[in-house]
Amino acid sequence: MPSSHSQFMWFFATYSLLFVFVRLRRPGNSFSDTAWRVASVTGILVSAFLVSYGRVYLQYHTSRQVFWGSVLGIVLAGSWFAVVTLVATPLFPAIASWPVSEYLMIRDLTLIPNVMWFEYTNTRVEARARQRKLVSMKSL
C-alpha cells in the first residue's frame, strides 16, 4: 500500500511547482520575484522529502511504499494540473457568467497576473472616490 502521506506531500509539491512556474509566469519577472518563487518551491520540496523520509525513519512504511506513494502523487498532480489548465481554465469565463456564479459572486481572475495588486489598486480607487463624494456631500 503506497504511503498516503508521501502521496499527498508530493502531489502538493508537484502541483505547487507547476502552478508557480507555469501558471504564475509572466514576462519581466524581477530578481526578487524569481527568488521568492524558487525559495517557496524549494521549501515545499524539502518538506515533501522530509515527510517521506520521516515515514521510513519512524518505520510506518517501507522505502518502497514511500517511493510508490511519491510517484503516484507526482503523476496525479501532473495529470490534475493538465486537466485544470487545458480543460477547465478555458471554461472559467463561461462558468463565471452563470446566474448561480453571479449570485455567489464567483469571478474569473485567470487573466489578471497579480490579483493582490489588482485588488489593492481597485480598493484604493474606490475608497478615494467615496471619500471625495463624502466631502462634497458635507460641503452642501
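Residues numbered from 1 in each chain as written. Predicted model: local features only at pLDDT ≥ 70, side-chain atom pairs only at ≥ 80, totals over all residues. Heavy atoms only, no water.

Section: the overall build of the chain
For clarity, the cut-off: Labels follow the DSSP assignment, with helices taken as runs of H or I lasting at least four residues and strands as runs of E lasting at least two, numbered in each case from the N terminus. Computation of the radius of gyration draws on C-alpha atoms alone. For the globule rule, the value is 2.2 Å times the number of residues to the power 0.38.
Within the chain, the secondary structure is distributed over six helices and zero strands. When the helices and strands of the chain are placed in sequence order, the string is α-α-α-α-α-α. The C-alpha radius of gyration computed for the chain amounts to 22 Å, which surpasses the reference 14 Å derived for 140 residues by more than 25%, pointing to a less compact arrangement than a globule. Once the C-alpha set of the chain is aligned to its principal axes, its extents read approximately 75 × 35 × 30 Å.

A closer look at helix 3 (residues 63–88)
The test is simple: One less than the number of residues in a helix, times 1.5 Å, gives the span that helix is expected to have. Type-normalised accessible area, obtained with a 1.4 Å probe on protein chains alone, sets the label of each residue: buried when under 20%, exposed when over 50%, and partly exposed for intermediate values. Contacts are assigned to residue pairs with any non-hydrogen atoms lying within 4.5 Å of each other.
The first and last C-alpha atoms of helix 3 sit 36 Å apart over 26 residues, in line with the 38 Å expected at 1.5 Å per residue. Here helix 3 has its buried residues at Val66, Gly69, Ser70, Gly73, Ala77, Phe81 and Val84. Against helix 1 (4–23) and helix 2 (31–57) lie the buried residues of helix 3.

Considerations on a nonpolar patch on the surface
Here is the rule we go by: Think of a patch as exposed residues, more than 30% relative accessible area, with no salt bridge, where like charges cluster within 9 Å and nonpolar side chains (Val, Leu, Ile, Met, Phe, Trp, Tyr) cluster within 5 Å. All accessible areas in this document rest on Shrake-Rupley with a 1.4 Å probe, and a residue is counted as covered only by the protein chains that are shown. Think of a salt bridge as a Lys or Arg side-chain nitrogen and an Asp or Glu carboxyl oxygen that are within 4 Å of each other.
Residues Val46, Phe49, Leu50, Tyr53, Tyr57, Leu58 and Tyr60 make up a contiguous nonpolar surface patch of roughly 810 Å² in combined accessible area. Inspection of the secondary structure puts Tyr53 in helix 2.

Side note on the environment of Ile106
By the element assignment, Ile106 lies in the loop between helix 5 (99–103) and helix 6 (115–138). A residue is classified by how much of its surface remains accessible, and Ile106, at 43% relative accessible area, is partly exposed. Measuring from C-alpha to C-alpha, the distance between Ile106 and Trp36 comes to 29 Å, with 70 residues separating the pair along the chain. Excluding residues that lie within four positions of it along the chain, Ile106 makes contacts with Ala96 and Ser101.

What about the environment of Gln131?
Turning to its location among the elements, Gln131 is positioned in helix 6. For the pair formed by Gln131 and Ala82, sequence separation is 49 residues and the distance between their alpha carbons is 45 Å.

Some words on the confidence of the model for the chain
Reading fine detail from the predicted coordinates is not recommended where pLDDT is low. How we decide: Residue-level confidence of the predictor, termed pLDDT, takes values from 0 up to 100.
Per-chain confidence: the chain averages 90 in pLDDT, with 98% of residues scoring 70 or above. Per-element mean pLDDT across the chain ranges from 89 in helix 6 up to 95 in helix 3.

A look at the packing of helix 1 against helix 2
Note the threshold: The axes used here are C-alpha line fits, helices contributing only the stretch in contact, and every angle between their N-to-C directions lies in the interval 0 to 180 degrees. Each angle gets one of four labels, with under 35 degrees taken as roughly parallel, over 145 as roughly antiparallel, 65 to 115 as roughly perpendicular, and the rest as oblique. The residue classification treats Ala, Val, Leu, Ile, Met, Phe, Trp, Tyr, Cys and Pro as nonpolar and Asp, Glu, Lys and Arg as charged. All others, Gly included, are polar.
Look at helix 1 against helix 2: their axes get within 9 Å of each other, and the N-to-C directions meet at 170°. Taken together, the axis directions place helix 1 and helix 2 in an arrangement best described as roughly antiparallel. The segment helix 1 lies against helix 2, with His5, Ser6, Met9, Trp10, Phe12, Ala13, Ser16, Leu17, Val20 and Phe21 engaging Arg37, Val38, Val41, Ile44, Leu45, Ser47, Ala48, Phe49, Val51, Ser52 and Arg55. Taken together, the residues that form the contact of helix 1 with helix 2 break down as 14 nonpolar, five polar and two charged.

Regarding the pattern of salt bridges
Considering all chains together, one arrives at two salt bridges under this definition. Where Arg107 meets Glu119, a salt bridge forms, and the shortest distance between an N and an O atom there is 3.1 Å. Of the two residues, Arg107 is situated in the loop between helix 5 and helix 6 and Glu119 in helix 6; the sequence distance between them amounts to twelve residues. Looking at Glu119, the relative accessible area reads 28%, which means it is partly exposed. In this structure, the salt-bridge partner of Glu126 is Arg130, at a minimum N-O distance of 2.7 Å.

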